[in-house]
Each structure stands twice: as C-alpha cells, then as structure tokens.
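Inside the fold
For reference, the chains in residue letters:
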Amino acid sequence: MPQLSPLGQKFPNIFLGRKGNRKALYTKSLVPGEPVYGEELLRDGKSEYRSWDPSRSKLAAAIMKGISQIGVREGDYVLYLGAASGTTVSHVADIVGKRGLVFAVDMAYRTMRDLLFMAEKRPTVVPILCDANDTKELARRVCLADFVYMDVAQKDQVRIFLKNCDLFLKDEGFAVLCVKARSIDVTKKPKQLYRTVLKELEQRITVVDHRELDPFEKDHALFVVKRSARR
Ligand SMILES: C[S@@+](CC[C@H](N)C(=O)[O-])C[C@H]1O[C@@H](n2cnc3c(N)ncnc32)[C@H](O)[C@@H]1O
C-alpha cells in the first residue's frame, strides 16, 4: 500500500498520499469494502482508505487549495444541505466517524434515490428530503448541529445559509458555505461576487478562512465560518 500520512488535528480522519507524482487525499472508511462513486480503496490491515477526488468534492478541493481548517471534527453532528447523491456526504461521514451523525438534506427526488442507497450501508447518515429554505420543516427532522455544510448552488444561498446557522448551529460550531458564482449572478465577475459574499458573511458571523476552488471547481469558492456564543 502507498504510504499515507495524517493531515493533522484540524483534518481528522483525512490522509495525504500520492498518485504517481501528484498529491492525493483519502478518508479512513467507515464502511470498508463499500465504495460510493467508484473511488479507489486502499487496504492497510483492518483499515481501509477511500480516495477523495477534489474535482468531485468542493471540501476536498478547498483542502488541496491549502485551507487552514474545515471545522468538522470526529464525533460531530452535521447538518449537510445539498447532499445530492452523497459523494461529499460519504467522506464527511468518514470524518465524523462512528460517534458522529450526518443529516443529509436534498430537495430533489432524483438524487435522493442514490443517497438512500449510499445511506443504507452507512447508519450514521440520515437522508432527508426537504428544501433547505424550509427551516420550519427541517426543525421537525433535525437537532442542533456542531457543523453545518451547505452546497445548494442557489441565488439566495447566503441568506439560506445564515438562516440555517442561526437556527441549527451550536455555539462555537463551525459551518461551511460553498458558493457557485454563476448561481448568484451571471453578470458579475466571480472575484467581485466572492468579495460581496465575504462582506455579507462578516456582518453576521466570524469568517475563519476561504478559498477559491479553481482549477478543481471553476468559478466556485468555499467559506469556513464559526459561530460565537449566543448572548
Ligand atoms: C452541487 S449539488 C451538491 C453536491 C454535493 N454537495 C457533493 O459535493 O457531493 C447541489 C444540490 O443541492 C440541491 N439543492 C438545491 N437547492 C436546494 C434547496 N433549497 N434545498 C435542498 N437541496 C437543494 C440540488 O438538488 C443538488 O442536489
């Protein structure tokens, strides 16, 4: 097996290896022997590691782009908005491990089917068919989260993100917002748009770090924020 090294305390259960002469990311698999999207599996004794493709997952892209932390920890309860078929959800489930839980929310029936198949093998993933904007309905189905992740590629994604952080993110909890520039405004240059998003976030929450995700995800950026204690 090629040598893997842990990325460090701020990136639990995430490992760095090499594919040829390029760096590659892996997460320690929660369910050995069960790939999700045809990713490479590496065995080391009883443990197994799943390759994490940065061109298929914005969180992996941000790590490859050198983000200082992603905020999610082992044992965290996660509210994941915009789960799609569960590619990134499955790696987040690896990161939080057996003691963690991932509420995986999406509003599309089509992707929910694939998400259900993935979750069948992963008891810590709870698929929820719901609009991320319908926080009244969400409140009936989820509990407070240590970590909120949102990747819904919608025009008013910053507003929806902050609303969910207000309602569901624990004090001192971290959250990640993935921004697709073209979903917000096709007429604006992505960099200009990211500056606007940064200002909007900073007015309400502490922005810990952010990265543009090119070349892995063109015209996308990812923001990591932290909620301070409620007064
Ligand atoms: C870019 S994909 C997410 C990819 C996924 N995060 C990953 O990395 O594997 C965006 C997803 O958000 C979902 N979505 C869009 N608007 C939503 C909303 N308001 N509530 C819930 N899901 C939404 C779409 O159905 C789609 O599956």
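Values in this document were obtained by computation on a predicted structure and should not be read as measured data.

What counts, and where the lines are drawn
Residues numbered from 1 in each chain as written. Predicted model: local features only at pLDDT ≥ 70, side-chain atom pairs only at ≥ 80, totals over all residues. Heavy atoms only, no water. Near = heavy atom within 4 Å. Polar contact = N/O pair within 3.5 Å; in protein donor to acceptor, adjacent residues only side chain to side chain. Areas by Shrake-Rupley, 256 points an atom, 1.4 Å probe, with all protein chains shown as cover. Nonpolar A, V, L, I, M, F, W, Y, C, P; charged D, E, K, R; others polar. Pairing = 2+ DSSP bridges. Helix = DSSP H or I, 4+ residues; strand = E, 2+ residues; numbered from the N terminus. Contact = heavy atoms within 4.5 Å. Axes fitted to C-alpha atoms, helices over the stretch in contact; angles between N-to-C directions. 1 Å grid on protein atoms, 1.4 Å probe; cavity = no way out; pocket = protein on both sides within 12 Å on 5 of 7 lines; lining within 4 Å. Points joined across faces, edges and corners; volume = space filled by probe spheres on them. Buried < 20%, exposed > 50% of the residue type's maximum accessible area, 1.4 Å probe, protein only.

Taken together, 16 residues lie around the ligand, and Tyr-80, Thr-88, Asp-106, Ala-132 and Asp-151 are the ones closest in. Met-107 is positioned such that a nitrogen or oxygen atom in its backbone is 3.3 Å from a nitrogen atom of the ligand. Within the contact set of the ligand, a nitrogen atom lies 2.8 Å away from a backbone nitrogen or oxygen of Ala-132. Protein burial of the ligand: of its 610 Å² of free accessible surface, 83% is covered by the chains. Of the residues assigned to the shell around the ligand, the class counts are eight nonpolar, four polar and four charged.

Here we come to the sheet that holds strand β3 (residues 22–28). A sheet is described by the order of its strands in space; here five strands give the open sequence β1-β2-β3-β5-β4, paired in antiparallel fashion. Either end of the sheet is taken by a strand with one partner, and the two such strands are β1 (5–6) and β4 (41–44). Running over the sheet, helix α2 (residues 87–96) touches β2 (14–19), β3 and β5 (47–52) and is turned about 140° from β5.

With that settled, the discussion passes to the layout of surface pockets. Looking at the largest pocket, its volume works out to about 410 Å³. Around the largest pocket, the lining comprises 27 residues; the ones closest to its centre are Gly-82, Ala-83, Ala-84, Asp-106 and Asp-151. Only β6 (77–81), α2 and β7 (101–106) provide two or more residues apiece to the lining of the largest pocket. Looking at side-chain class alone, the lining of the largest pocket contains twelve nonpolar, nine polar and six charged residues. Space inside the second largest pocket adds up to approximately 290 Å³. Forming the boundary of the second largest pocket are 17 residues, of which Lys-19, Arg-22, Lys-23, Asp-53 and Pro-54 lie nearest the centre. Counting residues per element, the lining of the second largest pocket draws most heavily on β3, which supplies four residues. Per-class residue counts for the lining of the second largest pocket are seven nonpolar, three polar and seven charged.

Moving on, we come to unusual backbone geometry. Of note, the bond from Asp-214 into Pro-215 is cis; its omega dihedral lies within 30 degrees of zero at 5°. With respect to the helices and strands, the residue Pro-215 is situated in the loop between β11 (206–212) and β12 (220–226). Positive phi, close to 55°, is recorded for Asp-219, a residue that is not glycine. Judged by relative accessible area, which is 11%, Asp-219 ranks as buried.

Nothing here speaks to function; it is all geometry.
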